[in-house]
Amino acid sequence: MIGILGGTFNPVHNGHLYLAERLIKELDLDEIRFVPSFSPPHKSNYLASPQDRLAMVQLAIQNHAGFKLDEREIVRGGTSYTIDTLQSLRIDLGMKSSLCWILGSDAFQHLDSWHCWRDLLEYCHLLIVNRPNNPFLGTLSSELRRMKDRHLASSLDQLKSSPSGFIGQLEIDALDISSTEIRNAIKANRTTDGWLPPNIIDYIKTRNLYSS
Ligand code: ATP
Ligand code: MG
């Protein structure tokens, strides 16, 4: 099974890397693909350029076996819709391999605002991982709750043994780190100790990102 971690990675941080590490182990993934978005439909706050965000992901994952960079959203340009990315992945990988799109519980909660969200499960499984301060039991719209109930896997093995169509849920000891907090800390000249790999701190300094 291939895990896919989409995001703005503005910037990529230790919370993402720890999550990916844990998922490779817990789900015995063949690989986990980081897919930085070009232009996310829902985010209007300050975004570093796609080239900088891509370069940071590349630096962050370079020494991790099984972590891969997937540039397709940035190569495609335009608004980055997950459904388009999944269709493109299926053209490359065929319909038979098991694909698991990973979502923090914060992202899942808003899934029903995504373009063509009802069709996503035709192309992949969805795996919801808890995020600190965002417990699974947060409010879901009734339609999203129905979708979750209808497709909920009874075990994570179900995800591995079929190409798409299930929703899995996994509780991990996720790190309490977010890109928003990192951007705010850099802007306010506060420390980001422990939140970023050293080479990402260096990159942000050299390129003078997030400071104004
Ligand atoms: P921002 O604060 O700008 O939204 P972020 O830290 O949430 O940034 P994203 O690029 O939005 O990072 O996250 C990509 C994916 O990774 C999302 O599905 C998100 O829920 C998940 N994620 C981000 N940080 C963590 C974390 N610390 N633990 C678990 N999942 C995370
Ligand atoms: Mg986020």
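(A) Geometry of the sheet that holds strand β6 (residues 167-170). Ordered by their spatial adjacency, 6 strands build an open sheet running β3-β2-β1-β4-β5-β6, and the pairing between neighbours is parallel. Pairing within the sheet leaves two strands with one partner each, and these edge strands are β3 (67-69) and β6. Between one strand axis and the next, the sheet turns through 30 degrees on average, direction left out of account. By the bridge criterion, 4 bridges tie strand β1 (residues 2-7) to strand β4 (residues 99-104) in an arrangement that is parallel. Across the sheet, residue Ile 4 finds its bridge partner in β4, namely Trp 101. Together, β1, β2 (31-36), β3, β4, β5 (125-129) and β6 form the strand contacts of helix α1 (residues 14-27), whose direction differs from that of β2 by roughly 150 degrees. Across the sheet, helix α6 (residues 142-151) touches β5 and β6, and the angle it forms with β6 is around 90 degrees.

(B) How the structure looks around the environment of Ile 24. Relative to the helices and strands, Ile 24 is located in helix α1. The exposure class of Ile 24 is buried, given its relative accessible area of 18%. In this structure, the C-alpha to C-alpha distance between Ile 24 and Val 12, residues 12 residues apart in sequence, is 18 Å. Setting aside chain neighbours within four positions, we find Ile 24 in contact with Leu 29, Ile 32, Ala 65, Gly 66 and Phe 67.

(C) Fine view of unusual backbone geometry. Residue Pro 11 is bonded to the preceding Asn 10 through a cis peptide linkage, with omega at 5 degrees. The phi torsion at Phe 9 lies on the positive side, around 50 degrees, for a residue other than glycine. By the secondary structure assignment, Phe 9 is in the loop between β1 and α1. Its relative accessible area of 2% is what places Phe 9 among the buried residues. Phi is positive for Asn 208, which is not a glycine, with a value near 55 degrees.

(D) A look at the site of ligand 1. Neighbouring ligand 1 are 22 residues; Asp 106, Arg 131, Leu 175, Ser 179 and Thr 180 lie closest to it. Asp 106 has a polar side-chain atom sitting 2.7 Å from an oxygen atom of ligand 1. Within the side chain of Arg 183, a nitrogen or oxygen atom sits 3.1 Å from an oxygen atom of ligand 1. In the complex, the protein chains occlude 92% of the 600 Å² of accessible area that ligand 1 would expose alone. Going through the elements one at a time, β1, α1, β4, α5 (105-109) and α8 (179-187) are the ones with two or more residues in the shell around ligand 1. Its residues assigned to classes, the shell around ligand 1 shows 8 nonpolar, 10 polar and 4 charged.

(E) Spotlight on helix α4 (residues 82-93). The first and last C-alpha atoms of α4 sit 16 Å apart over 12 residues, in line with the 16 Å expected at 1.5 Å per residue. Here α4 has its buried residues at Thr 82, Ile 83, Thr 85, Leu 86, Leu 89 and Arg 90. Angularly, the buried residues of α4 cover 155 degrees about the axis, an arc narrow enough to put them on a single face. Across α4 from its buried face, at more than 90 degrees, point the exposed residues Ile 91 and Asp 92. For α4, the elements touching its buried residues are β1, β2, α3 (72-76) and β4.

(F) Structural context of the packing of aromatic side chains. In the structure shown here, the tally under the stated rule is 3 aromatic pairs. Consider the rings of Phe 9 and Phe 34, whose centres lie 5.7 Å apart with planes at 40 degrees: the pair is tilted. One end of the pair, Phe 9, is in the loop between β1 and α1; the other, Phe 34, is in strand β2, and 25 residues separate them in sequence. Phe 34 shares its class with Phe 9; the two are buried. Geometrically, the ring pair formed by Phe 34 and Phe 67 is tilted, given 5.5 Å between the ring centres and 40 degrees between the ring planes.

The rules behind each value
Within any chain, residue numbers begin from 1 and follow the written order of that chain's sequence. To read the labels, note that chains go from A and ligands from 1, taken in the order they are written. Totals for whole chains, interfaces and linings use all residues, but because this is a predicted model, local features are given only for residues with pLDDT of at least 70 and pairs of side-chain atoms are given and counted only at 80 or more. The side-chain numbers reported here are obtained from all heavy atoms of the structure, hydrogens and water having been left aside. Two strands form a pair only when DSSP identifies at least two bridges running between them. Each helix corresponds to a stretch of at least 4 residues labelled H or I by DSSP, and each strand to a stretch of at least 2 residues labelled E; elements are numbered beginning at the N terminus. Axes, fitted as lines to C-alpha atoms, cover a helix only where it is in contact. Angles between the N-to-C directions of the axes lie from 0 to 180 degrees. The contact criterion used throughout is that any non-hydrogen atoms of two residues lie within 4.5 Å. Here the term buried applies to any residue with accessible area under 20% of the maximum for its type, exposed to any over 50%, and partly exposed to those in between, with areas from a 1.4 Å probe on protein chains only. A single heavy atom is enough: if one lies within 4 Å of a molecule or strand, its residue is considered near that molecule or strand. Pairing of N or O atoms within 3.5 Å defines a polar contact, subject to two protein rules: one partner must be a possible hydrogen donor and the other a possible acceptor, and residues neighboring in sequence count only if both atoms are side-chain atoms. For the accessible areas, the method is Shrake-Rupley and the probe is 1.4 Å, while residue cover comes only from the protein chains on display. When residue character is reported, Ala, Val, Leu, Ile, Met, Phe, Trp, Tyr, Cys and Pro are called nonpolar, Asp, Glu, Lys and Arg charged, and the others, Gly included, polar. Working rule for helices: expected span equals 1.5 Å times residues minus one. Note that the arc is defined by the directions from the helix axis to the C-beta atoms. Planes of paired rings set the category: under 30 degrees apart is stacked, over 60 is edge-to-face and the rest tilted, where pairs are Phe, Tyr or Trp rings (Trp by its six-membered ring) whose centres lie within 6.5 Å.

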